[in-house]
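Listed here are the chains, written in short residue letters.
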Amino acid sequence: MTVAFMLWRRLDTPGHDACRLEENDTSWILDGMSVFCQNGVPASLAYRVVCDFKWYTERGYVQGWIGAQPVELSIQRERDGVWTLNGVTVSNLENCIDLDLGFTPATNLVPLRRLALREDQAADSLAAWLDVSAGILEVLPQRYERRAGTKYWYEAPSVDYAAMLEVTQIGFIRRYPGLWEAEM
């Protein structure tokens, strides 16, 4: 069953992203498509992220292309915290719970839902961040602080980003300063 959907416009380069959130008997599913310009070439990436009912990432898929480069990635997180990328174990991600697909704002919904912060509450969260161009997963430390209603202060120091995010009631990002803005 589809619970919600979003359409974003990218602000730092030409592009759009459309995503829907679905719920079934066993999981939450983010399904989406992102089209954008990456280093001067067009990119088209379909994605899916599956989480359990506690919003712990179980697996993700990315398929499409960046210019002439085909992209087909399968990401798995085992219950013991081991992450694999296309069947190969990726080290140093054992403490990561979330999958962050760096090319879409959709995956920020996952830690926001999982953390369920009250106003004036903050939490640190480690994500397995996908660098889709390089085809690698890396640790992305993140911090979310709920300031008021649908406003969250967000920090990702390893990528030198900090801003006030505006989100919908369900947790999709409405405004991601300098990067994304919801169109509907």
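Being a predicted model, the structure only gives us computed values, none of them experimental. Counting from 1, residues in each chain are numbered in the order their sequence is written. Totals for whole chains, interfaces and linings use all residues, but because this is a predicted model, local features are given only for residues with pLDDT of at least 70 and pairs of side-chain atoms are given and counted only at 80 or more. As a rule here, side-chain values cover all heavy atoms of the structure and leave hydrogens and water aside.

Colleague: Please clarify how empty space enclosed by the protein should be interpreted in this entry.
Modeller: The gaps of empty space that remain are located by a probe, the size of a water molecule, rolled over the atoms. We place a 1 Å grid over just the protein atoms. Points where a 1.4 Å probe fits but has no way out form a cavity, open points with protein on both sides within 12 Å along at least 5 of 7 lines form a pocket, and any residue with an atom within 4 Å of a point lines it. Grid points are joined across faces, edges and corners, and a volume is the space filled by probe spheres set on the points. For the structure on display, the rule yields 1 cavity of 30 Å³ or more. The computed volume of the largest cavity comes to approximately 30 Å³. Taken together, Asp 98, Leu 99, Asp 100, Thr 107, Asn 108, Pro 111, Ala 127, Gln 142 and Tyr 144 form the lining of the largest cavity. Considering every element that reaches the lining of the largest cavity, the biggest residue donor is strand β9 (residues 98–101), with 3 residues. Here the lining of the largest cavity is built from residues that sort into 4 nonpolar, 3 polar and 2 charged. Labels follow the DSSP assignment, with helices taken as runs of H or I lasting at least four residues and strands as runs of E lasting at least two, numbered in each case from the N terminus. Nonpolar residues are Ala, Val, Leu, Ile, Met, Phe, Trp, Tyr, Cys and Pro. Charged residues are Asp, Glu, Lys and Arg, and all others, Gly as well, are polar.

Colleague: I'm lost on the packing of aromatic side chains in this one. Help?
Modeller: How two aromatic rings sit relative to each other is given by the distance of their centres and the angle of their planes. Pairing of aromatic rings covers Phe, Tyr and the six-membered ring of Trp, with a centre-to-centre limit of 6.5 Å; geometry is then stacked below 30 degrees between planes, edge-to-face above 60, and tilted otherwise. Summed over the entire model, instances satisfying the criterion amount to 9 aromatic pairs. Ring centres of Tyr 144 and Tyr 154 lie 5.0 Å apart, and the angle between their planes is 45 degrees; on these two criteria the pair is classed as tilted. With Tyr 144 in strand β11 (residues 136–148) and Tyr 154 in strand β12 (residues 151–156), this residue pair connects regions lying 10 residues apart in the sequence. Considered together, Tyr 144 and Tyr 154 belong to a single accessibility category, that of buried residues. Geometrically, the ring pair formed by Tyr 154 and Tyr 161 is tilted, given 6.2 Å between the ring centres and 50 degrees between the ring planes. Tyr 154 gets classed as buried once you look at its relative accessible area, which sits at 2%. Any residue under 20% of the maximum accessible area for its type is buried, any over 50% is exposed, and the rest in between are partly exposed; the area is computed with a 1.4 Å probe on protein chains only.

Colleague: Any chance you could explain the layout of surface pockets here in plain terms?
Modeller: Of the voids in this model, the largest pocket is the one considered here, and its volume is about 460 Å³. Residue lining of the largest pocket: 24 residues in total, with Arg 10, Gly 102, Phe 103, Trp 129 and Leu 179 positioned closest to the centre. Those elements giving two or more residues to the lining of the largest pocket turn out to be β9, β10 (122–131), β11 and β12.

Colleague: Whenever I open this one, the pairing of strand β5 (residues 57–66) confuses me. Can you help?
Modeller: Walk down a regular strand and you will see the side chains alternate between the two sheet faces. Pairing between strands is defined by DSSP: at least two bridges between them are needed. Across 9 bridges, the pairing between strand β4 (residues 41–51) and β5 is antiparallel. Note that in β5 the partner of Tyr 47 across the bridge is Val 62. Here β5 runs beside strand β6 (residues 69–77); their pairing, made up of 8 bridges, is antiparallel. Counted as the bridge partner of Gly 60 is Ile 75 from β6. The hairpin formed by β5 and β6 contains 2 residues between the paired strands, and Gly 67 there has a positive phi angle of roughly 60 degrees.

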